[in-house]
Amino acid sequence: MNESPDITRAHTGMDGVSWNILGQVYVPKQMTDDSFAWHATFPEETFVPPHVHPEQDEYIYVLDGRIDLLLDGRTSSASAGDLVRMPRGLPHAFFNNSGKPVTALFWAAPAGRLVELYQRIHNMASPAEVVRVAGEYGVHFFPPVSSAA
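Residues numbered from 1 in each chain as written. Predicted model: local features only at pLDDT ≥ 70, side-chain atom pairs only at ≥ 80, totals over all residues. Heavy atoms only, no water.

Our next topic: the sheet that holds strand β4 (residues 47-52). Strand order in this open sheet of 5 strands is β7-β6-β9-β4-β11, and the pairing throughout is antiparallel. Pairing within the sheet leaves two strands with one partner each, and these edge strands are β7 (74-79) and β11 (140-141). As paired elements, strand β6 (residues 66-71) and strand β9 (residues 92-95) share 4 bridges and run antiparallel to each other. Bridging from a neighbouring strand, leucine 71 pairs with histidine 92 of β9. (Pairing = 2+ DSSP bridges. Helix = DSSP H or I, 4+ residues; strand = E, 2+ residues; numbered from the N terminus.)

Dropping the structure here:
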């Protein structure tokens, strides 16, 4: 996938796309084989559990609010204007414990299969199924979620 010169307008995704990932809204802003960027809205009390991208570096630029993080076993927080760097292979998780919605710009390099993953898990209701499917696309959650979860 090659880059094309254009503007992805505020409040819209490329080709009008947005994904509902377990209540979080991901809006794709840029997609190439080299990188993938998306705007994310995390409602109150939503989170992404501990996981790792073995072949991708991931970044979060917090636009509004505060994200609590688990980075390689350490806890910290990032607020508006902060950039979080998560090198490939580094276990990480993020949580919105702030009591209000949080917005951030995420990107990953290389893009890997994240676009395909988000397309597949869009509107998927079962967290355990999301975790299972994510492994097929190179995103590995741990500890494993049992089928009873």
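On the surface, a nonpolar cluster with roughly 250 Å² of combined accessible area is contributed by Tyr61, Leu63 and Leu83. Here leucine 83 falls in the partly exposed class, since its relative accessible area comes to 38%. (Patch = residues over 30% accessible without salt bridge, like charges linked within 9 Å, V, L, I, M, F, W, Y side chains within 5 Å. Areas by Shrake-Rupley, 256 points an atom, 1.4 Å probe, with all protein chains shown as cover. Salt bridge = Lys/Arg side-chain N within 4 Å of Asp/Glu carboxyl O. Buried < 20%, exposed > 50% of the residue type's maximum accessible area, 1.4 Å probe, protein only.)

Let us now look at the sheet that holds strand β2 (residues 24-31). The strands making up a sheet associate through hydrogen bonds between their backbones, and the pairing can be parallel or antiparallel. Spatial ordering of the open sheet is given by β1-β2-β3-β10-β5-β8, a layout of 6 strands whose pairing is antiparallel. In the strand order of this sheet, the two ends are held by β1 (19-21) and β8 (83-86), each with one partner. Strand-to-strand twist of the sheet, defined as the mean angle between neighbouring strand axes without regard to direction, takes the value 25 degrees. Taken together, the 4 bridges between strand β5 (residues 57-64) and β8 define a ladder with antiparallel strand orientation. (Axes fitted to C-alpha atoms, helices over the stretch in contact; angles between N-to-C directions.)

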